[in-house]
Amino acid sequence: MTDEQMQELLRDAKDSYRVPAEPPIDAMWARIEREAFDASASMPVVYGTGRAVELPSGRSRGVRRWMAPAAGIAATLLVGIGIGRVSKVTPDATSLPPVVDATPSVSVAPPSDPLLRATSEYLAQTVALLASLPRDSVGQKLTADTKFVADARALLGTTRLLMDSPAATDPRMRDLFQDLELVLAQVAQLRTAPRAQELTFIAEAMNERDVVPRLRTVAASYTASGY
Amino acid sequence: MTTPAIALHAPDAGPPEWTLITQIVAGDRSAARTLYDRHARRVHRLVFRICGDEELACDLVQDVFIRAFGQLASFRGDSAFTTWLHRIAVTTALNQMRKVKRIRSHEEALGDEDIHAAPSREADPDLKARLHAAIDALPEGLRMTVVLHDVEGYTHSEIGEMLGIAEGTSKARLFEARGRLRVALADFAS
């Protein structure tokens, strides 16, 4: 058999070798949703306020890479804030989605309001950043690279924008933004080789104010509301 | 690289994958469903081509996505999301196939038919069917390389990542596999 004949056969195999029937997409999803989301241990989401949160022991570089569009979010926020300020303010348009502890509903409306959507993305990215904060553990080399610190600075700027936006009209959100500003300001000042004590201060600031549980609860509420 | 690789591999219109992933990590089921809809058929085809059983393939797809959503927070973005997901699919399918093989080995010891044996020429004279049977009869490492490279179209680099082998090993396996296929089909090509 020549190489050409073999190549031709193998090319044909792309369309003929073990071609599956159309899979039952919806039926398969039912089990996936049940096991991936209803088994709370597998998803790091929706903590009730005041519940202790254990941060992962290592930082995920991937999480930090998701921060790349932070500048875009800030830009969106500016647009959203602008819209919020020039538009006639209605309770429905600017009020915070209801904070719920329950698992988010499956059916959610598509994102529409740019401010709420940008706030939702900001919340998710802040959760990711704080979850990837280096921890002080014995024998572990602590590092905070420039990208990580730059992401914290970008989110700090976004936090300050949000504090001046209609998103902060809700007292709970305003308090959360203020606490996040404090934490992110500390993170943004981390050196590339932070001392354990610096990280301890940040962790204490977060724990004292239940920052991460509150942040996750609010983020889940936004998500459940379709943002 | 400044742009996450995952952003370059969205198979269709809609939110970028990094957005979906962030939302899923925050607990958004609708984002999970969107991501699932984008990739489920591709994953199904991949695992079906590995296992060759419709029912098992559907089970595997579910296992793959349950594992993927559970591990999503640890996704580093070092590779394309598709590559990451398909690596989970290949690993899950291979592990399941090894379990199945152990069971079948036990059955063969009891006298059952060997389903991996290449059919005889008389029983299956069609060249395509013979090729498929010859692929099925390859050792697992060689068969996976042929399926992933020649059938599914992955690069050697991607195959190396999925199977945990060097790129050169993937090339060597493909060369070996094609040699064996050529021998198996030699008398049909003249």
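Being a predicted model, the structure only gives us computed values, none of them experimental.

Right, let's talk about helix 3 (residues 54–71) of chain B for a bit. Residues spaced three or four apart along an α-helix face the same direction, because each turn holds 3.6 residues. Residues and elements named next belong to chain B. Between the first and last C-alpha of helix 3 there are 26 Å, a value that for 18 residues agrees with the 26 Å anticipated at 1.5 Å per step. Along helix 3, the residues that are buried comprise Leu56, Ala57, Cys58, Leu60, Val61, Gln62, Val64, Phe65, Ile66, Ala68 and Phe69. Sitting at the head of helix 3, Asp53 places a side-chain oxygen 3.0 Å from the backbone nitrogen of Glu55.

Another aspect to go through is the environment of A:Ala150. All names here are of chain A. Residue placement: Ala150 occurs in helix 7 (residues 146–163). Residue Ala150 is classed as partly exposed on the basis of its relative accessible area of 39%. Along the primary structure Ala150 and Gln189 are separated by 39 residues, whereas in three dimensions their C-alpha atoms are 9.6 Å apart.

With that settled, the discussion passes to the nonpolar core. Generally speaking, a soluble globular protein has its nonpolar side chains buried in company with each other. One finds B:Tyr36, B:Phe65, B:Phe69 and B:Leu72 to be the most contacted residues of the largest nonpolar core, which totals 48 residues. For this core, the secondary-structure elements that each account for two or more residues are helix 2 (25–38) of chain A together with helix 1 (17–25), helix 2 (29–51), helix 3, helix 4 (81–109), helix 6 (140–151) and helix 7 (156–163) of chain B. Counting residues per element, this core draws most heavily on helix 2 of chain B, which supplies 11 residues. Looking at which domains feed residues into this core, each of domain 1 (10–111) and domain 2 (126–190) of chain B supplies at least three. Membership of the second largest hydrophobic core comes to 36 residues, among which are A:Val149, A:Ala185, A:Leu199 and A:Met206.

Turning to helix 2 of chain A, a few remarks are in order. Relative to the 20 Å expected for 14 residues at 1.5 Å per residue, helix 2 of chain A spans 19 Å between its end C-alpha atoms, a close match to the ideal helical length. The complete set of buried residues in helix 2 of chain A reads A:Ile25, A:Met28, A:Trp29, A:Arg31, A:Ile32, A:Glu33, A:Ala36 and A:Phe37. On its buried face, helix 2 of chain A sits against helix 1, helix 2 and helix 3 of chain B.

Close inspection of predicted coordinates is inappropriate in any region flagged by low pLDDT. All names here are of chain B. Residues at a pLDDT of 70 or more form 79% of chain B, whose mean pLDDT is 82. When the elements of chain B are averaged for pLDDT, helix 4 gives the smallest value, 80, and helix 2 the largest, 95. Confidence drops under pLDDT 50 across residues 1–11; counting only partners more than four residues distant or on other chains, this segment forms 26 contacts. Low pLDDT (under 50) marks residues 112–124, which in the prediction has 17 contacts with non-local residues, meaning those over four places away or in another chain. Scoring the predicted complex yields pTM 0.51 and, for the interface, ipTM 0.79.

The next subject is unusual backbone geometry. Residue and element names in this part refer to chain A. In the Ramachandran plot, Arg18 falls in the positive-phi region, its phi being about 45° despite a non-glycine side chain. With respect to the element layout, Arg18 can be found in the loop between helix 1 (3–16) and helix 2. You can call Arg18 buried: its relative accessible area is 18%.

Our next topic: the environment of B:Arg130. Summarising the element assignment, B:Arg130 is placed in helix 5 (residues 127–137). C-alpha of B:Arg130 to C-alpha of B:Phe188: the two residues are 58 residues apart in sequence and 9.0 Å apart in space.

Before going further, it helps to spend a moment on the interface of chain A and chain B. The interface is formed by 53 residues belonging to chain A together with 63 residues belonging to chain B. Across the chain A to chain B interface the summed buried area is about 5400 Å²; carbon plus sulfur atoms make up 62%. Joining chain A to chain B, the criterion identifies seven salt bridges. Here B:Asp63 and A:Arg31 are joined by a salt bridge, their closest N and O atoms 2.5 Å apart. Taken together, the connections running from chain A to chain B amount to 14 residue pairs in polar contact (both at pLDDT 80 or more).

Criteria and cut-off values
- Residues numbered from 1 in each chain as written.
- Chains lettered and ligands numbered in written order.
- Predicted model: local features only at pLDDT ≥ 70, side-chain atom pairs only at ≥ 80, totals over all residues.
- Heavy atoms only, no water.
- Helix = DSSP H or I, 4+ residues; strand = E, 2+ residues; numbered from the N terminus.
- Expected span 1.5 Å × (residues − 1).
- Buried < 20%, exposed > 50% of the residue type's maximum accessible area, 1.4 Å probe, protein only.
- Polar contact = N/O pair within 3.5 Å; in protein donor to acceptor, adjacent residues only side chain to side chain.
- Core = buried A, V, L, I, M, F, W, Y, C linked by side-chain atoms within 4.5 Å.
- Domains from an automatic or database assignment.
- Contact = heavy atoms within 4.5 Å.
- pLDDT = per-residue confidence, 0-100.
- Buried area = accessible area lost by both parts, 1.4 Å probe.
- Salt bridge = Lys/Arg side-chain N within 4 Å of Asp/Glu carboxyl O.

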